[in-house]
Amino acid sequence: GPGPARLPAAGEEGPAEGGPPDHSYSLSSGTTSEELLRKLNEQRDIIALLEVKMKEMKGSIRRLRLAEAQLREEIREKDRLLHAASAGNRKRHGL
């Protein structure tokens, strides 16, 4: 059968104690309702800031896409003019 249960030595953590290190998103078992509320409000503030940043980025992306479309149109127009000019030069030089 199984051997006798071993108690953790001094400095060791037993399976019921310790656990993962405390992170900003983790909660200890002794967290008060005030601490929970503060953490919740901090998370809400972070989410609100991220939503504002996302809206700003979407606006930037929209402006960049418009600028890209305008630049592509300018390039097409310049290519057309260059092509027409080079075709005219070939005709003048008998090529």
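Note that the coordinates shown come from a computational prediction; the quantities given were computed from them, not determined experimentally.

Caption draft 1: Seen up close, the overall build of the chain. Along the chain, the regular secondary structure elements total 1 helix and 0 strands. Within the span of the chain, comprising 95 residues, buried residues form 4% of the whole.

Caption draft 2: Looking closely at the pattern of salt bridges. If you walk through the whole model with that rule in mind, you get 5 salt bridges. Taking the shortest distance from any N to any O, the salt bridge between glutamate 73 and arginine 76 comes out at 2.8 Å. Of this pair, glutamate 73 and arginine 76 both sit in helix H1 (residues 33-92), 3 residues apart, which is roughly one turn of the helix. What makes glutamate 73 partly exposed here is its relative accessible area of 43%.

Caption draft 3: Broad picture of a positive patch on the surface. On the surface, a cluster of positive charge is contributed by Lys55, Lys58, Arg62 and Arg63. Judged by its relative accessible area of 54%, arginine 63 falls in the exposed class.

What counts, and at which threshold
- Along each chain, the written sequence defines residue order, and numbers are assigned to residues from 1.
- In view of the model being predicted, local features appear only for residues whose pLDDT reaches at least 70, and side-chain atom pairs are presented and counted only at 80 or more, with totals across whole chains, interfaces and linings using the full set of residues.
- As a rule here, side-chain values come from all non-hydrogen atoms in the structure, and water together with hydrogens is ignored.
- Counting from the N terminus, the helices are the DSSP runs of H or I reaching at least four residues and the strands are the DSSP runs of E reaching at least two.
- Partly exposed residues are those whose accessible area sits between 20% and 50% of the maximum for their type, while under 20% is buried and over 50% is exposed, using a 1.4 Å probe and protein chains only.
- Should a side-chain nitrogen of Lys or Arg be within 4 Å of a carboxyl oxygen of Asp or Glu, the pair is scored as a salt bridge.
- In this scheme, patches are assembled from residues that exceed 30% relative accessible area and form no salt bridge. Like charges are connected within 9 Å, while nonpolar side chains (Val, Leu, Ile, Met, Phe, Trp, Tyr) are connected within 5 Å.
- Areas reported as accessible are Shrake-Rupley estimates using a 1.4 Å probe. Residue values count occlusion only from the protein chains shown.
- Counting rule applied: Lys, Arg positive; Asp, Glu negative; His and chain ends not counted.
- Lys charges are placed at NZ, Arg charges at CZ, Asp charges at CG and Glu charges at CD.

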